Every structure is written in structure tokens, then in C-alpha cells.
Amino acid sequence: DSVGSPGFMGRHFNLVLDGNGSPHIGYFDGANYDLKYARWDGSAWQIQTVDSAGHVGRWNSLALDSAGHPHISYHDGSEELKYAYWDGSAWQIQTVDSAGDVGWFSALSMSNAGRPHISYRDNTNEDLKYARWDGAAWQIQAVDSVGDVGQYISHGLGSDGYPHISYYD
């Protein structure tokens, strides 16, 4: 089955399966420049617009929390790293980092405590950065700033809660 309407939909997407094996997809709607979220309910795709404020949704990464709610990190057209999550009734959106052109190639993981961890590229400085929500604020640090680094990121959290990041150097 196709997800979304016809048009430029095939770039910047992320797929995860929930505990029942049902697919969830975060994607960039290139026809409308929006961030969209789709989930298969067993008989049809349920599609929501997550963010439509400007040119948003490239380099998105999707994760589900323990309740099955989606969380998405993505690049905003105003050159910011954004984070959106479904609170059970509406999408909540936060700016994570706005220091330069940031948020490229974002990779998102959820901790066992339900807190987001995001690895991403700072394109202005060509660095790999890491952000985590500590329960009150985003904690951001540079991981690698030697040379042109931080593209094509993959990210996961170990059983100890520490991030493991692979990326193009």
C-alpha cells in the first residue's frame, strides 16, 4: 500500500515496528514541505501532519516510547533541530538546538525512562552533536569536531543507558 498522497514523498523517512509488528513511519512530505506521521491500524494508514510551519521534516528519526507514542527528531527549515512527540491527544513540538544550521542526519532513541536522546550534525561547524532531555532541559554537547564529521548517523542506547553512535567521518 502507498502511504500519503501522490507527489514527492520518498525521501527522509523512518520506519519502526511497534510491539504488535505494526509499522509506524515518520516522513518528509516534499510536496507540501511538512513533517508527517503514518501508522498502520490493521486495515488502513492513519496519517497526521506533525509540523507544517515552514519547510520542515528533513532528516527525521522516529522512535516509540513504552506506551507506543511516537517521538520524532527532525531538521526545521529555519535551520534548527526540532523534537516532536504525541502526548496522547496532540503533537507537542520543541526546539532542541538553534545554534547554527543544526539537525541534519538526526538519530533518535528513547531511554528506558522515556527520555529522548538525539545525535545530529551541526552543519555550520561540520560537527557531530548529541542532545539528551534530562527531565528539565536539553543537555547538548559536541561529540566530534575534528574535520568534516557527523553525516549518515545511526544511534542507539546501550543497556547501561549510554549512547552508541556511528557516523561518517
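What counts, and at which threshold
Residues numbered from 1 in each chain as written. Predicted model: local features only at pLDDT ≥ 70, side-chain atom pairs only at ≥ 80, totals over all residues. Heavy atoms only, no water. Helix = DSSP H or I, 4+ residues; strand = E, 2+ residues; numbered from the N terminus. Rg over C-alpha atoms; globule rule 2.2 N^0.38 Å. Buried < 20%, exposed > 50% of the residue type's maximum accessible area, 1.4 Å probe, protein only. Contact = heavy atoms within 4.5 Å. Areas by Shrake-Rupley, 256 points an atom, 1.4 Å probe, with all protein chains shown as cover. Lys, Arg positive; Asp, Glu negative; His and termini not counted. Charge placed at Lys NZ, Arg CZ, Asp CG, Glu CD. Pairing = 2+ DSSP bridges. Axes fitted to C-alpha atoms, helices over the stretch in contact; angles between N-to-C directions. Phe/Tyr/Trp six-rings, centres within 6.5 Å; stacked < 30°, edge-to-face > 60°. Salt bridge = Lys/Arg side-chain N within 4 Å of Asp/Glu carboxyl O. Polar contact = N/O pair within 3.5 Å; in protein donor to acceptor, adjacent residues only side chain to side chain.

When you go through the protein chain residue by residue, the secondary structure sums to zero helices and 14 strands. Going residue by residue from the N terminus, the α and β elements of the protein chain occur as β-β-β-β-β-β-β-β-β-β-β-β-β-β. The C-alpha radius of gyration of the protein chain comes to 15 Å, within 12% of the 15 Å expected for a compact globule of 169 residues. C-alpha atoms of the protein chain, sized along the principal axes, occupy 50 × 35 × 25 Å. The buried share of the protein chain, reckoned over its 169 residues, is 43%. Restricting to contacts in the protein chain with at least 6 residues of sequence separation, those with at least 24 account for 32%. Total accessible area on the protein chain stands at roughly 8,300 Å², and carbon and sulfur atoms take up 44% of it. Seen as two clouds, the 9 positive and the 21 negative side-chain charges of the protein chain have centres 2 Å apart.

Another point: the sheet that holds strand S4 (residues 45–51). With antiparallel pairing, the four strands of this open sheet are ordered in space as S1-S2-S3-S4. The outermost strands of the open sheet, each flanked by one partner alone, are strand S1 (13–17) and S4. Averaged over all adjacent pairs, the angle separating strand axes in this sheet is 20 degrees, with direction ignored.

With phi around 70 degrees, Glu79 is a residue other than glycine that occupies positive phi space. For Glu79, the location among the structural elements is in the loop between strand S6 (70–76) and strand S7 (80–86). Positive phi outside glycine occurs at Glu126, with the angle close to 60 degrees. Considering the arrangement of structural elements, one finds Glu126 in the loop between strand S10 (116–122) and strand S11 (127–133).

Counting across every chain of the model gives 12 aromatic pairs. Consider the rings of Tyr83 and Trp138, whose centres lie 5.4 Å apart with planes at 75 degrees: the pair is edge-to-face. Taken together, the residues Tyr83 in strand S7 and Trp138 in strand S12 (residues 138–144) connect sequence positions 55 residues apart. Neither Tyr83 nor Trp138 differs from the other in exposure class; each is buried. Judged by centre distance (6.1 Å) and plane angle (80 degrees), the rings of Tyr152 and Tyr168 are edge-to-face.

Applying the stated criterion across every chain, the model contains five salt bridges. A single salt-bridge network, built from bridges that share partners, covers Asp76, Glu80 and Lys82.

With that settled, consider the side chain of Ser111. Its location among the elements puts Ser111 in the loop between strand S9 (102–110) and S10. In this structure Ser111 touches His117 and Leu157, once residues within four positions along its chain are discounted.

Attention now goes to the sheet that holds S12. Reading across the sheet, the four strands line up as S9-S10-S11-S12 and stay open at both edges, with antiparallel pairing between neighbours. On the outer flanks of this sheet lie S9 and S12, each paired with one strand and no other. Within this sheet the neighbouring strands show an average axis-to-axis angle of 20 degrees, counted without direction. In terms of strand pairing, S10 meets S11 through six bridges, oriented antiparallel.

By the secondary structure assignment, Trp91 is in strand S8 (residues 91–97). A polar contact is formed between the side chain of Trp91 and the side chain of Gln48, at a distance of 2.8 Å.

Right, let's talk about the side chain of Asp65 for a bit. Here Asp65 shows up in the loop between strand S5 (56–64) and S6. The buried charged residue Asp65 lacks any salt bridge, with Arg115 as its nearest oppositely charged partner at 12 Å. Within polar-contact distance, the side chain of Asp65 engages the backbone nitrogen of His69 at 2.8 Å. If sequence neighbours within four positions are ignored, Asp65 has contacts with His71 and Met110.

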